[in-house]
Amino acid sequence: KPKASTFTDHKAYVIACVSWRSLKDLEDLDGDDSAVPVPPIGGGEEDSGWTNEDIAAKCDVIGGVCGWPCNSDMPFISIPGCTASGHIDQAMLDALLPEKPLGNVTVQACTSPDTEECVTSVQPMSQWPCHECVVRERDERRRLRRRLRRLAPGLTPPAGLGGGLPGALPGMSLDDDEDADEDEEDDEEEGEVKYRSLPRFLAKYTNAVPPKDMDIVSSPKVHILAAHSMEGPWMKLYDPIDPESDYLPPTPATMPAQKDTYKTSEEEVRSMSLLASNKLTLSPQSCFGKRGPLYVVACAVNQSSYDDAAQWKNSKDRRFQPGQKVMPPPFNDRCVAVAGRCGHACEPYGSMALPHCLKNGYINMSSLVDNIPIQYNRVTPVFMFAYVLLLGFAVKTVMLCPGIFSPYKRCQYYDPEMTKSLRYILVVGVTGGGDEGKGTMIRNTIGMASGLPPQCKCRFIVCNNEEGHRVEMLTCWEKFCNVLAAVPSQGGITYEENLREFLTVWCEDTRDMRLDSVGAKVRKLDEKILMRLSGKVTIAKIRKDAKWARFGPALDRLEAAIEALKIDLDTDYNKFTPMIPHRDYVKDWVPPDPNSTSLRMHFTSRAKPKEDARNIMVQHVAVGTWYYKVPMNATPSQWLSLRKNCQEMVYAQHDEDDGLVKVPLRSSHGKAGGLNFVDNYITLAYERPENRYGSEQDEAPSLYAIADARHQFQPDFF
């Protein structure tokens, strides 16, 4: 009713009062003082309501919800006795009805105000949608009001016509209109009042137990009441149906005006109906089937299984779609209930009988369901599989027992003498393409170089292997090496100490960078990223340090090298020029004083000739493969020079030479082949006299580490 609209914008408690007494008996319980005024919120007249004593006397079972309705964001904790699910605390309800355990009542809201069937919402009360309702005049009252407009001024209207709308809302004025020929549309608007309303409610009474009383009705009645406090008073959310009223009952504003007749009485409206819990009605919303013989099966599934996302994780569309195919009978392996009809759709049945179809048009139940054999895992194959697993575990345990119970010998701290047992430490970062551009390579190289162990007694080699075969990557690498060469060594502090300190700060400045800031999708580096990646932020930090500040002009050379790297990174970012496809590119960097540090830098990019996509990539020479020839008496030092004389094997070209061996230019494709190329090159490079120790360390093993280009080693890695 209109006066109940006050519950749409304030906190509200809504209860369903179920009574086994008739409406007349409830009226007899009302005394002269039973109705108390309900103070309005936001203006209006007072309304009479029920007290908590009335609830205890008139109701046999109650249930209720609470919250700030109409999609409010007010928290439930601001409403005393309201749970997170939007229900009134059961202890507070039990206090209203002591010693009346006659079942359970739940209150739910209908999601749509104008559909005949009530589809309930699963949301709490605060998320229930409100809608607009309208109270309209009856036709005879509207016609009478039109006639009265034509009365002479001063005539008194018939008694009862000048009142307001039901629920003490202001009515329509009967003052003379200036325009006697007012539009019918305006007349319609004058005869109705719109207001915001709570949704329709559905009350369910389960586990019903009729009271032990002779004076009860066959079906219980339900009354929907609301209050702003659990202390009451409680207002009915509706007005009793009055056939003598000049106004129709409230209806949703989206529904057309109903006829002026009342089909049901108040007694019938408040009566609850019995709902069979084992009955299900399906209403398809799409067309299905073809003309002719047709079988239709209805399958009811468990809601918890149907709504389980795990059941549909491998499906393109969640749940069932129109036209989707399912497995044939029996259906009781997936349905909790099943039924079927059969016949000839859209044509006479005739004398042709359908298999599995009974005369009454139902599918034979024995054709829909069957005994489903239970699958057990206590079978021989499963036992054999378990025995094999146990046997394998036992064998593994016996093999590892000595290792499990014997201590693992390792050093608890770093000692530079440990590096004397190695010929060299090689760290390789491989770039190929995509997100692995200049920015990614520089960040990766900073991390690799910063891993230089202090006072390392063996060569520490950092190698960038460029599988993308791009000129700009080599140029950028050279700019980076120029920065390393410009690190000063003065004031009794060694070059390596300054280098390690500078790289540590640089690594710290770049460690949090991600591919979305330096990867392939970046067309121009962000200024802050550029300043950190190029080392500008790092040089600014170390200039503030007293130790570095005394280097004076020596830092200007370092800053100039950093500026050159910054310009290179800021120019045509992610724009590349291919190298000569069939040529290998190698570049070495040695510090200005080779004895000042063990760090060595190398750049490698093996040949990447264009290959016919139709050729099978094999590790031997075949048609379409680029290869080079190696003489029988060739030495390893000739490896790079022999690779320069490469060619492609083609059809119908004689190329047989018994004195030469054909070797593929790219025996292995991808980054794995690039790592093989690095291994070959570094092995040969460190056989050169300038890279040998002249001691037994030349025969020591080497440590080979791979630093993925998209990650970054930290200074304490080794």
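One can find the structure itself at the top, above this paragraph.
Below is a summary of the structure that appears in this document. Because the structure is a prediction, the values reported are computed rather than measured.

With that out of the way, let us pick up the state of the cysteines. By definition, a disulfide links the sulfur atoms of two cysteine residues through a covalent bond. Tallied over the full model, the rule gives six disulfides. Residue Cys17 pairs covalently with Cys59 via a disulfide, S to S 1.9 Å. Between Cys17 and Cys59, the S-S torsion sits near -110°, and that sign places the bridge as left-handed. Taken together, the residues span a long stretch of sequence, with Cys17 in strand S1 (residues 12–19) and Cys59 in the loop between helix H2 (52–58) and strand S4 (61–67) at a distance of 42 residues. We classify Cys17 as buried; its relative accessible area is 0%. Looking at Cys59, the relative accessible area reads 0%, which means it is buried.

Before going further, it helps to examine helix H15 (residues 536–543). Among all positions in H15, only Lys536, Thr538, Ile539 and Ile542 are buried. When H15 is viewed along its axis, its buried side chains cluster within an angular range of 160° and face the same direction. Considering only its buried residues, H15 is in contact with helix H12 (495–510), helix H14 (527–534), helix H16 (546–549) and helix H17 (554–570).

A few words now on a nonpolar patch on the surface. Together, Leu391, Val395, Met399 and Leu400 give the surface a local cluster of nonpolar side chains, amounting to about 410 Å² of exposed area. Mapped onto the secondary structure, Leu391 falls in helix H9 (residues 380–405).

To continue, consider the sheet that holds strand S20 (residues 660–664). An order of S19-S18-S20 is seen for the three strands of this open sheet, with the pairing classed as antiparallel. Each edge of the open sheet is held by one strand with a lone partner, namely strand S19 (646–648) and S20. Averaged over all pairs of adjacent strands, the angle between strand axes in this sheet comes to 40°, irrespective of strand direction. As paired strands, strand S18 (residues 626–631) and S20 are joined by five bridges and run antiparallel to one another.

This next bit is on the side chain of Thr604. Mapping Thr604 onto the fold places it in strand S17 (residues 599–605). Residues contacting Thr604, with those up to four places away along its chain left out, are Cys463, Asn464, Asn465, Glu466, Tyr585, Val586, Phe677, Val678 and Tyr681.

With that out of the way, let us pick up the packing of helix H11 (residues 471–485) against H12. The interhelical angle for the contact between H11 and H12, taken along N-to-C directions, is 130°, at an axis separation of 10 Å. Viewed along their axes, H11 and H12 adopt a mutual orientation that is oblique. Where H11 approaches H12, its residues Phe480, Val483, Leu484 and Ala485 are matched on the opposing element by Tyr495, Leu499, Phe502, Leu503 and Trp506. Here the contact of H11 with H12 is composed, by residue class, of nine nonpolar, no polar and no charged.

Once that is clear, we can look at unusual backbone geometry. The peptide bond linking Gly232 to Pro233 adopts the cis configuration, its omega dihedral lying at -5°. Within the fold, Pro233 resides in the loop between strand S9 (221–227) and strand S10 (235–236). Of the consecutive residues Pro329 and Pro330, the connecting peptide bond is found in the cis state with omega at 5°. Within the secondary structure layout, Pro330 lies in the loop between helix H7 (303–306) and strand S13 (337–345). The phi angle at Asn207 is positive, at roughly 55°, despite the residue not being glycine. Within the secondary structure, Asn207 sits in the loop between strand S8 (201–206) and S9. Of note, His356 is a non-glycine position whose phi angle comes to about 65°, a positive value. Position of His356 relative to the elements: it lies in the loop between S13 and helix H8 (365–368).

This part covers the packing of aromatic side chains. Counted under the stated rule, the structure contains 13 aromatic pairs. Members of the aromatic cluster, connected to one another through ring pairs, are Phe460, Phe713, Phe717 and Phe718. Above the face of the Tyr238 ring, Arg270 is positioned so that its terminal group lies 3.4 Å from the ring centre. One Lys or Arg, Arg583, reaches over the ring of Tyr585 and ends 5.0 Å from the middle of that ring.

This brings us to helix H19 (residues 670–685). With 16 residues, H19 should reach 22 Å at 1.5 Å per residue; the first-to-last C-alpha distance of 23 Å fits that figure. Looking at H19, one finds that the buried residues are Gly673, Gly674, Leu675, Phe677, Val678, Tyr681, Ile682 and Ala685. Considering only its buried residues, H19 is in contact with strand S14 (424–431), strand S15 (459–466), strand S16 (585–589), S17, helix H18 (639–644) and strand S21 (703–706).

In contact at an axis separation of 9 Å, H12 and H15 are set at 130° when each is read in the N-to-C sense. Relative to H15, the element H12 lies oblique. Considering how the two elements wind past one another, H12 and H15 form a crossing that is right-handed. Only Val537, Thr538, Lys541 and Ile542 of H15 make contact with H12, whose side of the interface consists of Phe502, Val505, Trp506 and Asp509. Of the residues that constitute the contact of H12 with H15, the class distribution is five nonpolar, one polar and two charged.

Once that is clear, we can look at the environment of Tyr414. On the secondary structure map, Tyr414 appears in the loop between H9 and S14. Its relative accessible area of 34% is what places Tyr414 among the partly exposed residues. Along the primary structure Tyr414 and Phe718 are separated by 304 residues, whereas in three dimensions their C-alpha atoms are 9.2 Å apart. Setting aside anything within four residues of it in sequence, one finds Tyr414 in contact with Thr419, Pro453, Pro454, Gln455 and Cys456. Among the polar contacts made by the side chain of Tyr414, one reaches the main-chain carbonyl oxygen of Pro454 at a distance of 2.9 Å.

Cut-offs used in this document
Residues numbered from 1 in each chain as written. Predicted model: local features only at pLDDT ≥ 70, side-chain atom pairs only at ≥ 80, totals over all residues. Heavy atoms only, no water. Disulfide = S-S within 2.5 Å. Helix = DSSP H or I, 4+ residues; strand = E, 2+ residues; numbered from the N terminus. Buried < 20%, exposed > 50% of the residue type's maximum accessible area, 1.4 Å probe, protein only. Arc of directions from axis to C-beta. Contact = heavy atoms within 4.5 Å. Patch = residues over 30% accessible without salt bridge, like charges linked within 9 Å, V, L, I, M, F, W, Y side chains within 5 Å. Areas by Shrake-Rupley, 256 points an atom, 1.4 Å probe, with all protein chains shown as cover. Salt bridge = Lys/Arg side-chain N within 4 Å of Asp/Glu carboxyl O. Pairing = 2+ DSSP bridges. Axes fitted to C-alpha atoms, helices over the stretch in contact; angles between N-to-C directions. Parallel < 35°, antiparallel > 145°, perpendicular 65-115°, else oblique. Nonpolar A, V, L, I, M, F, W, Y, C, P; charged D, E, K, R; others polar. Phe/Tyr/Trp six-rings, centres within 6.5 Å; stacked < 30°, edge-to-face > 60°. Lys NZ or Arg CZ within 6 Å of the ring centre and 35° of its normal. Expected span 1.5 Å × (residues − 1). Left-handed = near helix turned anticlockwise from the far one by under 90°. Polar contact = N/O pair within 3.5 Å; in protein donor to acceptor, adjacent residues only side chain to side chain.

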